[in-house]
Amino acid sequence: MSDVTVHGAARAAGETAGENTAPKPVPFHRLLLVEARKMADTRSAMVMLGLLAAMTVVSIAARGVDAGPQLGRLTTTAGIGYGTLLPAIAILAVTGDWTHRSALTTFTLEPRRGRVLVARCLPPLLATVAASLFALAVAAPVTAVTAALQGVPAEWDLDATRMLGWTATNVLLIAMALAFAMLLLHPAAAIATYFVVGTLWNLVGNVSELGREIARWVDLGTAVGPLAAAELTWMDAARLATAVLCSVALPMAIGAVRALRAEVR
Amino acid sequence: MVKDYKGVRALDEVSFTVEPGSVTGFLGPNGAGKTTALRILVGLSRPTSGTATIFGRPYRELEAPGWHVGTLLDANAQHPGRTGREILTLGAMMLGLPRSRVDEVLELVGLTDREARRTFRGYSLGMRQRLGIAHALLARPRVLVLDEPANGLDPQGIHWLRGLLRQLADTGCAVLLSSHLLAEVERIADRVVVIGGGRVLAEGTLDELGRGRDLEQVFLELTAKADRRAA
Ligand SMILES: Nc1ncnc2c1ncn2[C@@H]1O[C@H](COP(=O)(O)OP(=O)(O)OP(=O)(O)O)[C@@H](O)[C@H]1O
Ligand SMILES: [Mg+2]
């Protein structure tokens, strides 16, 4: 005898005579659109994205002046911004709904929380792929202009595997940022952890040979090295896989399980 | 249903029914368990035991809950950097509603176009409540779950809300709203459920409970009796 029941009207009713068309569950692509839109619908979000774009252009142009017209090298220079600002943007995309408590609305409109979480993590990953292409699009004209200004021939040849390796590295590192965000659900804590973890593993690696070996298997920042350089051996691939498990899959899984079970506050 | 938090029994065998075509006032002192019950009703927390159903099914198992149930639990729970219009647009997108519906609900709750373009950060409590009510009404739901929606509304706002809820109930909606404004509830509600200390103290139409006394007297008597029993 302990339950709460709300009986509904047989028909849709509204403040006007309006009628609902057949209601359907929220399709996944809509969730994806909504979550992508949330990454860019506030002033601060727009400022961050603008800063990232500006940083990409400036760093590529500066490297062009400094290193000469080499397309491949100029493109990967964008990694400076992609290793710092992009993780912060990704983390904010995940934590925002919790810190501002708008999760209350999100999860009443879509109680299948797992779908929301997937839809939330995909846009930052897709944005990272887009950012890698954007870097290439910026580096090409910079290469041409630098070649003309410096009067030297431009190096246009682009190592495709190298580019793929670089892009995959960017995506994996953003996945790690997302995982920390899911685990901690707090923007400052997740951003701090993301950068401190990298520094700590560096330290561990410098202290002892054993530490370096562990870092190669566990720390994603270390394990992506060969991938970024497009010199992945089978051994490196195995290390990368375990590092992804430890640094991405594990925190992500713990965070997801908690988000699915926890009370939404 | 029963809901336990570490060491606290927030709800103790709370049980009641809300019928279509009626406004049910959900009353109780601070900490009585109103918000807890409403959160369980819309699937944001799980009961320790018991069930909460809408149209006979738990909220999470409804086909498209956002279409059938309009919810306002906490008017302050929005991203401060979003504009009011953006918050409603996100809701309309989720529900697959045309953008024109955003204009309609804005007009309905009396938020001007200029106000809708300002960020949520600068909204007064009353504006937040209006925005939250607009959000709840997006899909023209048949069930409304509102936690203290009149809190912070100006006299015009309260008057308007009363008319709106009446009209919705008359077209067959089931409205469940919690409130501390007893005089208001007395004018809006067809039935009331009074809880205290996690238990239902009384339930029924105003006439059944009041028998000539006003709601405030009834409420104070009920809660005082419950306090004595707890002591
Ligand atoms: N997350 C939580 N953890 C522990 N206790 C909680 C939690 N949420 C609510 N409670 C407890 O449950 C009880 C009911 O709280 P609830 O918020 O439902 O009251 P309420 O009737 O909405 O009060 P108010 O009128 O002040 O809004 C209180 O004793 C409160 O302390
Ligand atoms: Mg409350």
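Residues numbered from 1 in each chain as written. Chains lettered and ligands numbered in written order. Predicted model: local features only at pLDDT ≥ 70, side-chain atom pairs only at ≥ 80, totals over all residues. Heavy atoms only, no water.

Asks: Sorry, what's going on with the pairing of strand β1 (residues 3-6) of chain A here?
Replies: The side chains of a regular strand alternate, residue by residue, between the two faces of the sheet. In this structure, β1(A) lies alongside strand β5 (residues 51-54) of chain B, joined through four bridges in parallel fashion. Paired with V6(A) across the two strands is I54(B), which belongs to β5(B). Where β1(A) meets strand β3 (residues 16-18) of chain B, three bridges bridge the pair, whose relative direction is parallel. Within the sheet, the bridge partner assigned to V6(A) lies in β3(B) and is V18(B). (Pairing = 2+ DSSP bridges. Helix = DSSP H or I, 4+ residues; strand = E, 2+ residues; numbered from the N terminus.)

Asks: Looking at this structure, how should I read the packing of aromatic side chains?
Replies: Each aromatic ring pair is characterised by the separation of its centres together with the angle its planes make. Enumeration according to the criterion identifies five aromatic pairs over all chains in this entry. Their ring planes at 85° and their centres at 5.1 Å tell us that Y194(A) and F195(A) sit as a pair that is edge-to-face. Seen from their ring centres, F16(B) and F26(B) are 5.1 Å apart, and the 45° between their planes marks the pair as tilted. Residue F16(B) is located in strand β3, and its partner F26(B) is located in strand β4 (residues 22-27); the two are separated by ten residues in the primary sequence. For F26(B), a relative accessible area of 0% puts it in the buried group. Directly above the aromatic system of F120(B) lies the positively charged group of R128(B), at a separation of 4.3 Å from the ring centroid. (Phe/Tyr/Trp six-rings, centres within 6.5 Å; stacked < 30°, edge-to-face > 60°. Buried < 20%, exposed > 50% of the residue type's maximum accessible area, 1.4 Å probe, protein only. Lys NZ or Arg CZ within 6 Å of the ring centre and 35° of its normal.)

Asks: Which parts of the structure should I look at to understand the sheet that holds strand β7 (residues 143-147) of chain B?
Replies: Residues and elements named next belong to chain B. On the basis of which strands lie adjacent, the open sheet formed by six strands has the order β6-β7-β8-β4-β9-β10 and mixed pairing. If you trace the sheet from one side to the other, it starts and ends with β6 (69-72) and β10 (199-205), each paired once. Across the sheet, the axes of successive neighbouring strands diverge by a mean angle of 10°, strand direction being ignored. Summarising the sheet, β4 and strand β8 (residues 174-178) pair through five bridges and their orientation is parallel. Residue T24 lies in a different strand from β8, and its bridge partner there is L176. Against the sheet, helix α1 (residues 34-41) makes contact with β4, β7, β8 and β9 (191-196), and its axis sits at roughly 145° relative to β7, the strand it touches most. (Axes fitted to C-alpha atoms, helices over the stretch in contact; angles between N-to-C directions. Contact = heavy atoms within 4.5 Å.)

Asks: Explanation requested: a nonpolar patch on the surface in the structure shown.
Replies: Residue and element names in this part refer to chain A. Together, V118, L122 and L126 make up an exposed nonpolar region whose accessible area comes to about 240 Å². Here L122 shows up in helix α7 (residues 113-150). Since its relative accessible area comes to 30%, L122 is described here as partly exposed. (Patch = residues over 30% accessible without salt bridge, like charges linked within 9 Å, V, L, I, M, F, W, Y side chains within 5 Å. Areas by Shrake-Rupley, 256 points an atom, 1.4 Å probe, with all protein chains shown as cover. Salt bridge = Lys/Arg side-chain N within 4 Å of Asp/Glu carboxyl O.)

Asks: Help me understand the pairing of strand β2 (residues 8-11) of chain B, please; the structure alone is not making it clear to me.
Replies: Residue and element names in this part refer to chain B. The pairing of strand β1 (residues 3-5) with β2 spans three bridges and is classified as antiparallel. Its bridge partner lying in β2, K3 is registered against L11. The loop that links β1 with its antiparallel partner β2 comprises two residues; one of these, G7, has a positive phi angle of about 80°.

Asks: Could you clarify how one ought to interpret the interface of chain A and chain B in this entry?
Replies: For an interface, size is often stated in terms of accessible area lost upon the parts coming together. With 49 residues of chain A at the interface, the matching set in chain B holds 67 residues. For the pairing of chain A and chain B, the buried interface totals around 5000 Å² over both sides, and the portion due to carbon and sulfur atoms is 56%. For E263(A), the salt bridge is made with R39(B), and the minimal N-O distance between the two is 3.7 Å. Counting only elements with at least two residues in the side of chain A that touches chain B, the list comes to β1, α1 (28-38), α6 (103-109) and α13 (234-261) of chain A. Taken together, the residues of the side of chain A that touches chain B break down into 20 nonpolar, 15 polar and 14 charged. (Buried area = accessible area lost by both parts, 1.4 Å probe. Nonpolar A, V, L, I, M, F, W, Y, C, P; charged D, E, K, R; others polar.)

Asks: So what exactly am I meant to see when it comes to the packing of helix α10 (residues 209-218) of chain A against α13(A) here?
Replies: Each pair of packed helices gets described by two things: the angle between the helix axes and the distance between those axes. All names here are of chain A. At a minimum axis separation of 6 Å, α10 and α13 run at an interaxial angle of 75°. By the angle between their axes, α10 is roughly perpendicular relative to α13. Contacts between α10 and α13 pair E213, R216, W217 and V218 from the former with M235, A238, R239, T242, A243, C246 and S247 from the latter. Within the contact of α10 with α13, the residues separate by chemical class into six nonpolar, two polar and three charged. (Parallel < 35°, antiparallel > 145°, perpendicular 65-115°, else oblique.)

Asks: I'm lost on the packing of helix α2 (residues 43-67) of chain A against α7(A) in this one. Help?
Replies: All names here are of chain A. Axis separation between α2 and α7 bottoms out at 9 Å; the angle between their running directions is 30°. Crossing handedness for the pair α2 and α7: right-handed. Residues A53, T56, V57, I60, A61, G64 and V65 of α2 form the contact with α7, whose participating residues are F134, A135, V138, A139, V142, T146 and Q150. Across the contact of α2 with α7, the residue classes break down as ten nonpolar, four polar and no charged. (Left-handed = near helix turned anticlockwise from the far one by under 90°.)

Asks: It is not clear to me how the confidence of the model for chain B should be interpreted in this structure. Could you clarify?
Replies: Detail in the predicted coordinates should be disregarded across regions flagged by low pLDDT. Residue-level pLDDT values for chain B average 94, and 100% of them are 70 or greater. Two summary scores accompany this predicted model of the complex, namely pTM at 0.92 and ipTM at 0.93. (pLDDT = per-residue confidence, 0-100.)

Asks: Is there a simple way to think about the site of ligand 1 in this case?
Replies: Around ligand 1 there are 13 residues in total, and G31(B), K34(B), T35(B), T36(B) and H180(B) lie nearest to it. Around ligand 1, the neighbouring residues derive from chains A and B rather than from a single chain. Measuring from an oxygen atom of ligand 1, one finds a backbone N or O atom of A32(B) at 3.2 Å. Separating an oxygen atom of ligand 1 from a side-chain N or O atom of T36(B) is a distance of 2.5 Å. In isolation ligand 1 has 640 Å² of accessible area, and contact with the protein removes 65% of it. When residues in the shell around ligand 1 are grouped by element, the largest group, three residues, is from α1(B). For the shell around ligand 1, the per-class residue count stands at four nonpolar, six polar and three charged. (Near = heavy atom within 4 Å. Polar contact = N/O pair within 3.5 Å; in protein donor to acceptor, adjacent residues only side chain to side chain.)

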